[in-house]
Amino acid sequence: MHAQESRGIDGNPVIQFEQVSKAFGSLAAVHETDLTIAEGEFFSLLGPSGCGKTTTLRMIAGFERPTSGRIRLDGVEVSTVPPYRRNVNTVFQQYALFPHLSVFDNVAFGLRSSRTPAAEVRDRVEEMLAVVRLPDVSLRKPNQLSGGQQQRVALARALVNRPRALLLDEPLGALDLKLRESMQAELKRIQGELGSTFVYVTHDQGEALTMSDRIAVMHRGRTEQIGTPQDIYHRPASAFVASFIGNANLLRAQVVERAPAPQPGGARLVVEVSGLGRYPATATVDPLPAGPLLFMLRPEAIVITEDEPAQGVAVAVTITEVTFAGATLRCAGRSDGGATLDAAIVPTAVGARPQPGTRMWMSWQHEAARLVPADSAPAEDLPAGTGAAPTRVPLTTPTTPARPAGERN
Amino acid sequence: MRARLGHLALTAAALGGFAFLFMPIVVIVVFSFNQPVGRFNLVWHSFTLENWLHPFARDDINATVWRSLRVAFVSMVAAGVMGTLVALALVRYRFRGGALVNLLLVLPLTTPEIVMGSSLALLFLDRGVERSFWTIAIAHTMFCVSFVAITVKARLRGFDWTLEDAAMDLGAGPWRTFSRITFPLILPGVLAAALLSFSLSIDDFIITSFVAGEGDTTFPLYVFGAFQRELAPQVNVISTALLLLSVGALAASVLYQRARLR
């Protein structure tokens, strides 16, 4: 497990998970998760379907009880408190607006449940409908509204209760692309205006990267990494994170040389990349686990030139494929050692235009190359008796004699 | 030409079919306007509104109609509540024996009424239960529960249960969630089922004949018994009125649901 709190959290913790697990029968949906979500944060739970992100959200809301572990809201344990006694509110995937009630009555439902005086209900509902920019539809029924408007009503209905945290379960999934982009901006605006804590479940990595203060990447019931979007993009803690967030070239690699002392931003290493040769790389986790390691390079970090560049590190390749992808040109190149590297380049008038079959140089800044652990094996995949914690090799202990770095082929 | 003939034949066949279906009802309605000679309202004599102006002229008939309405009301409410709860349990929760309950629900619909009636009569006799108004109500409730449960279950199939999650999420406890969200949304189905059980109860003859007490004649029992001695035009009037009532209720429920969908 590489889950770690990689950045300090400002503000008070609103939601805390302590070793929370949830199993449905024999199926482990969430496994020993630790999370801390701070006040005012836009926190995303990101992962493919079935990774446990929705179950995690439903445990915060109170629809599911953890099988083990503790959930705290404002420091108070709420693991067994029913949803109607928790001060959090949810925006559901399909909105779940009450079809027989008007927009006003939908938004007022929560306030009336808590026996708020009628005059205050009216003021707060109108105020919230103004915040979501839907002032003139309060007498309509939900099915007389467009998808985007229904989305706003669902948002107002939850936020009007001034919850400690707003839980959003893939709220933009049902909208088309354009509407989705404008709603993303809307959500950020509303969150900024109200200063509320948002917990946002999504499988869309682009959405998570643009909107979140921090992201928890989930995979098979485990949090693979928790960090800022920059952290997760540039320093993925596992091969899964590297390939799920954006695109990544991932090649098997072995450490041949370790830095004598810890470096800022991770230990600098020299690794033997299969099919490529020896290259410098920065480890994204410290200490690195004992398992297999992968050399990671983002396609957009690669520059293609006809001649060997004077700066950075480079490899000679034969271009095998060039694909037009709108803003970028995707080029695949094969090294002499047989490794394939994908590059995404922005074609310019002066730059080289690679053609399939030509010899070119692919180069990158050595900081761009990362060393990530291959997928962390879930407990059930490990041989019996190995336990959960893999043996860890501290990076700062040199096990191989130092050799000059920067060898190229 | 040929196609035209075929079309005409089809129309004639369809009209014939409808005539076959509705002729008895037409006869009942038409004879409610007859001025009968003698005790049997069977031969058309002359048109009159007399029967409609005095529908409750016969106290003995009134008593049976009133009893039928009371039985129908009691069994509608009892079966409505129980059947709705059964349907909610079956659709909302998975539990051991759910499939068996589903099967048992269909049983009263498929069992011949004569079997149900006689076995109920035997049960009451064996247990020493005096046959009365209440034995009729119990018997009617019994078969109506099945109809209600099945009708409401069909309505619940498309129900969006995340609405209940949403209500609880907004601070509504289980009772408020049911009374403000779930119940109003399933109400059309429950009302349709209740109307169905009302009309099933009011016209039941076979089961009622087994479980009715000595003086507890319902309207259908009265009509059947009286048939041999007399046939008062009030029977036609009241039958027509009951017919209008059930057609009206059906129309109302259809219109109501259309209005809701809009």
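As a starting point, this report considers the structure included with it.

Thresholds, definitions, all that
- Residues numbered from 1 in each chain as written.
- Chains lettered and ligands numbered in written order.
- Predicted model: local features only at pLDDT ≥ 70, side-chain atom pairs only at ≥ 80, totals over all residues.
- Heavy atoms only, no water.
- Helix = DSSP H or I, 4+ residues; strand = E, 2+ residues; numbered from the N terminus.
- Buried < 20%, exposed > 50% of the residue type's maximum accessible area, 1.4 Å probe, protein only.
- Contact = heavy atoms within 4.5 Å.
- Areas by Shrake-Rupley, 256 points an atom, 1.4 Å probe, with all protein chains shown as cover.
- Lys, Arg positive; Asp, Glu negative; His and termini not counted.
- Charge placed at Lys NZ, Arg CZ, Asp CG, Glu CD.
- Pairing = 2+ DSSP bridges.
- Axes fitted to C-alpha atoms, helices over the stretch in contact; angles between N-to-C directions.
- Parallel < 35°, antiparallel > 145°, perpendicular 65-115°, else oblique.
- Left-handed = near helix turned anticlockwise from the far one by under 90°.
- Nonpolar A, V, L, I, M, F, W, Y, C, P; charged D, E, K, R; others polar.
- Buried area = accessible area lost by both parts, 1.4 Å probe.
- Salt bridge = Lys/Arg side-chain N within 4 Å of Asp/Glu carboxyl O.
- Polar contact = N/O pair within 3.5 Å; in protein donor to acceptor, adjacent residues only side chain to side chain.
- 1 Å grid on protein atoms, 1.4 Å probe; cavity = no way out; pocket = protein on both sides within 12 Å on 5 of 7 lines; lining within 4 Å.
- Points joined across faces, edges and corners; volume = space filled by probe spheres on them.

**Here's the deal with the overall build of chain B**
Turning to step 1, where the next piece is worked out: Secondary structure summary: chain B contains 11 helices and 0 strands in total.
Turning to step 2, where the next piece is worked out: Mapped from its N terminus to its C terminus, chain B presents α and β elements in the order α-α-α-α-α-α-α-α-α-α-α.
Turning to step 3, where the next piece is worked out: With respect to the three principal axes, the spread of C-alpha positions in chain B is 70 × 70 × 35 Å.
Turning to step 4, where the next piece is worked out: Among the 262 residues that make up chain B, the fraction classed as buried is 39%.
Turning to step 5, where the next piece is worked out: Across chain B, contacts joining residues at least 24 apart in sequence account for 73% of those joining residues at least 6 apart.
Turning to step 6, where the next piece is worked out: Approximately 15300 Å² of chain B is accessible, and the part contributed by carbon and sulfur atoms is 71%.
Turning to step 7, where the next piece is worked out: Taking the 20 positively charged and 15 negatively charged side chains of chain B as two groups, their mean positions are separated by 11 Å.

**Concerning the overall build of chain A**
Turning to step 1, where the next piece is worked out: A count of helical and extended segments in chain A gives 8 helices and 22 strands.
Turning to step 2, where the next piece is worked out: Across the 409 residues of chain A, 51% fall into the buried class.
Turning to step 3, where the next piece is worked out: In chain A, of all internal contacts separated by at least 6 residues, the share reaching a separation of at least 24 is 68%.
Turning to step 4, where the next piece is worked out: Surface exposure of chain A reaches about 18100 Å², of which carbon and sulfur atoms provide 51%.

**A look at the pairing of strand β3 (residues 42-46) of chain A**
All names here are of chain A.
Turning to step 1, where the next piece is worked out: Counting buried positions over the 5 residues of β3 gives 5, a clear majority of the element.
Turning to step 2, where the next piece is worked out: Of the two faces of β3, both are covered, the one formed by Phe42, Ser44 and Leu46 as well as the one formed by Phe43 and Leu45.
Turning to step 3, where the next piece is worked out: Note: β3 against strand β8 (residues 197-202), 5 bridges, orientation parallel. For Leu45, the partnering residue across the bridge sits in β8 and is Val201.
Turning to step 4, where the next piece is worked out: Relative to strand β9 (residues 214-219), β3 is paired through 4 bridges, and the arrangement is parallel. Counterpart to Leu46 in the pairing with β9 is Val217.

**Considerations on the sheet that holds strand β4 (residues 68-73) of chain A**
All names here are of chain A.
Turning to step 1, where the next piece is worked out: Taken in spatial order, the 4 strands of this open sheet run β2-β1-β4-β5, and their pairing is antiparallel. Either end of the sheet is taken by a strand with one partner, and the two such strands are β2 (27-38) and β5 (76-77).
Turning to step 2, where the next piece is worked out: As defined by bridge partners, β4 adjoins β5 across 2 bridges and the pair is classed as antiparallel. Its bridge partner lying in β5, Leu73 is registered against Val76.
Turning to step 3, where the next piece is worked out: The sheet strands contacting helix α1 (residues 53-61) are β1 (13-24), β2 and β4, and the helix crosses β1 at an angle near 120°.

**Notes on the packing of helix α3 (residues 59-92) of chain B against helix α6 (residues 133-156) of chain B**
All names here are of chain B.
Turning to step 1, where the next piece is worked out: With their axes 6 Å apart at the nearest point, α3 and α6 run at an angle of 40° to one another. Judged by the angle between their axes, α3 and α6 are oblique. You can see that α3 and α6 cross each other, and the crossing is right-handed.
Turning to step 2, where the next piece is worked out: Among the residues forming the contact of α3 with α6, the class breakdown is 20 nonpolar, 6 polar and 3 charged.

**A word on the sheet that holds β9(A)**
Residues and elements named next belong to chain A.
Turning to step 1, where the next piece is worked out: In space, the 6 strands of this open sheet follow the order β6-β7-β8-β3-β9-β10, with mixed pairing throughout. Single-partner strands in this sheet number two, and they are β6 (88-91) and β10 (222-227). Taking the axes of each pair of neighbouring strands and ignoring which way they run, one obtains an average angle of 20° across the sheet.
Turning to step 2, where the next piece is worked out: The sheet contact formed by β6 and strand β7 (residues 165-169) spans 4 bridges and is parallel. Among the inter-strand pairings, Val88 is bridged to a residue of β7, identified as Ala165.
Turning to step 3, where the next piece is worked out: Against the sheet, helix α4 (residues 147-159) engages β6, β7 and β8, with an angle of about 175° to β6.

**Brief notes about the interface of chain B and chain A**
Turning to step 1, where the next piece is worked out: Counting from both sides, the interface comprises 18 residues of chain B and, opposite them, 23 residues of chain A.
Turning to step 2, where the next piece is worked out: Summed over both partners, the interface of chain B with chain A comes to about 1700 Å²; 64% of that surface belongs to carbon and sulfur atoms.
Turning to step 3, where the next piece is worked out: In terms of surface lost to chain A, no three residues of chain B exceed Asp169(B), Leu170(B) and Arg176(B), which account for 38% of the buried area on that side.
Turning to step 4, where the next piece is worked out: Joining chain B to chain A, the criterion identifies 1 salt bridge.
Turning to step 5, where the next piece is worked out: The salt bridge involving Arg58(A) is made with Asp165(B); its shortest N-O contact spans 3.4 Å.
Turning to step 6, where the next piece is worked out: Taken together, the connections running from chain B to chain A amount to 7 residue pairs in polar contact (both at pLDDT 80 or more).
Turning to step 7, where the next piece is worked out: Elements with a minimum of two residues in the side of chain B that touches chain A: α7 (162-169) and α8 (174-202) of chain B.
Turning to step 8, where the next piece is worked out: A per-class count over the side of chain B that touches chain A returns 11 nonpolar, 3 polar and 4 charged.

**Quick notes on the layout of surface pockets**
Residue and element names in this part refer to chain B.
Turning to step 1, where the next piece is worked out: Quantified by volume, the largest pocket comes out at close to 890 Å³.
Turning to step 2, where the next piece is worked out: Taken together, 31 residues line the largest pocket, and the ones lying closest to its centre are Ile202, Asp203, Ser239, Leu242 and Leu243.
Turning to step 3, where the next piece is worked out: Here the lining of the largest pocket gets 11 residues from one element, more than from any other, and that element is helix α11 (residues 233-261).
Turning to step 4, where the next piece is worked out: For the lining of the largest pocket, the residue count by class is 24 nonpolar, 6 polar and 1 charged.

**Thoughts on the pairing of strand β12 (residues 268-273) of chain A**
Residues and elements named next belong to chain A.
Turning to step 1, where the next piece is worked out: Inspection of the sheet shows strand β11 (residues 249-258) paired to β12 by 5 bridges, in the antiparallel sense. Residue pairing in the sheet places Ala253 in a bridge with Val273 of β12.
Turning to step 2, where the next piece is worked out: Bridge analysis of β12 against strand β13 (residues 277-283) gives 6 bridges, and the strand direction is antiparallel. For Val273, the partnering residue across the bridge sits in β13 and is Gly277.
Turning to step 3, where the next piece is worked out: Where β12 folds back on β13, the antiparallel hairpin that results is connected by 3 residues, among which Gly275 adopts a positive phi of roughly 85°.

Such coordinate-based values are descriptive only and should not be taken to indicate function.
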